[in-house]
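Each chain, written out:
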Amino acid sequence: MRMRIGILGTGTLAAALGEGWALAGHELAVAGRTSARAQELADRLGPRARAVTPRQAVADRDAVLLAVLLAVSWQGAEDMLRSAGAADGSLAGTALIDPTNAVEHGVGVLLTGPGEAMAQRIARLCPGAHVVKAFHMFPSDHWTRSRASGKPPVTVAMCGDDPRALHVVGELVRDLGAAPAVLGSLDRVRQLEEVAGFTIGLAFAGTDPNSAIPRLSSAAA
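Residues numbered from 1 in each chain as written. Predicted model: local features only at pLDDT ≥ 70, side-chain atom pairs only at ≥ 80, totals over all residues. Heavy atoms only, no water.

A look at the pairing of strand β2 (residues 27–31)
Here is step 1: A large share of β2 lies buried, amounting to 4 of its 5 residues.
Here is step 2: Bridge count between strand β1 (residues 4–8) and β2: 5 bridges; the pairing is parallel. In the sheet register, Ile7 faces β2, and the bridge partner there is Val30.
Here is step 3: A crossover connection joins β1 to the parallel β2 through helix α1 (residues 12–23); in handedness this β-α-β unit is right-handed.
Here is step 4: In this sheet, strand β3 (residues 49–51) lies alongside β2 in parallel orientation, the contact comprising 3 bridges. Counterpart to Val30 in the pairing with β3 is Ala51. (Buried < 20%, exposed > 50% of the residue type's maximum accessible area, 1.4 Å probe, protein only. Helix = DSSP H or I, 4+ residues; strand = E, 2+ residues; numbered from the N terminus. Pairing = 2+ DSSP bridges. Right-handed = clockwise from strand over helix to strand, strands pointing away.)

Focus on the packing of aromatic side chains
Both the distance between ring centres and the angle between the ring planes are used here to describe each pair of aromatic rings.
Here is step 1: The final tally for this structure, using the stated rule, is 3 aromatic pairs.
Here is step 2: Look at Trp21 and Phe135: their rings are 5.8 Å apart centre to centre, the planes differ by 75 degrees, and that puts the pair in the edge-to-face class. Highlighted residues: Trp21 in helix α1 and Phe135 in the loop between β6 (130–133) and α6 (140–149), separated in sequence by 114 residues. The residues Trp21 and Phe135 share a single accessibility class, namely buried. (Phe/Tyr/Trp six-rings, centres within 6.5 Å; stacked < 30°, edge-to-face > 60°.)

Digging into α1
Here is step 1: Between its first and last C-alpha atoms α1 spans 17 Å; for 12 residues at 1.5 Å apiece the expected length is 16 Å, and the two agree.
Here is step 2: For α1, the buried fraction is high: 9 of the 12 residues fall into the buried class.
Here is step 3: Where α1 is concerned, the buried positions are Leu13, Ala14, Ala15, Ala16, Leu17, Gly18, Gly20, Trp21 and Ala22. (Expected span 1.5 Å × (residues − 1).)

Looking at unusual backbone geometry
Here is step 1: Phi at Asp60 takes a positive value of approximately 55 degrees, unusual for a residue other than glycine.
Here is step 2: Relative to the elements of secondary structure, Asp60 occurs in the loop between α3 (54–57) and β4 (63–66).
Here is step 3: With phi around 65 degrees, Phe135 is a residue other than glycine that occupies positive phi space.

A few points about the confidence of the model for the protein
Here is step 1: Across the protein, the average pLDDT comes to 88, with 92% of residues at 70 or higher.
Here is step 2: Here residues 67–73 is modelled with pLDDT under 50, and outside its nearest four sequence neighbours on either side it reaches 20 contacts, counting other chains as well. (pLDDT = per-residue confidence, 0-100. Contact = heavy atoms within 4.5 Å.)

Spelled out as structure tokens, the structure:
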């Protein structure tokens, strides 16, 4: 199924996921903080992508990718959502993918308040949007390397409240050669974000995170 996907952001993750989705035949609308950056990424992604304004990127989309590095600047993400008219309900009914990691660089400690998750904060800024946490566990270059290397598929853990939005994002995960796995609703999303912080902290400390996670079968209790 071909989808219309809006991408808010022009960084490395936006480019990596956008490339995979363009190859899968989806239509991409790319918006950035400047029209020049949006045009540059759209040109790179090919004929299925076009540069638009943030408001145009979220209009009549099946899914919208929020690709802003919150660990660098939460204000940047808030500004992007404001530019897209999120507070006015422009994302209502849309699957909004949140791949952000609001963590302290090199440490992995979450920058959100006690008990707060970034995906829930984004949901509050976007009334009516169906936020799905996904794509935050792997660095952007994984998605470009995996297509070239033919490595076994990875699992993309997700959280979200809306079944249709989870289905839409799950299909986009499969289009990248990965397998979707729903952990639960947004009530559990902080747990998923903590896993990313844990992984990032170990990696920057010089420890392979894979060595710290037991390999259990899916049937293990």
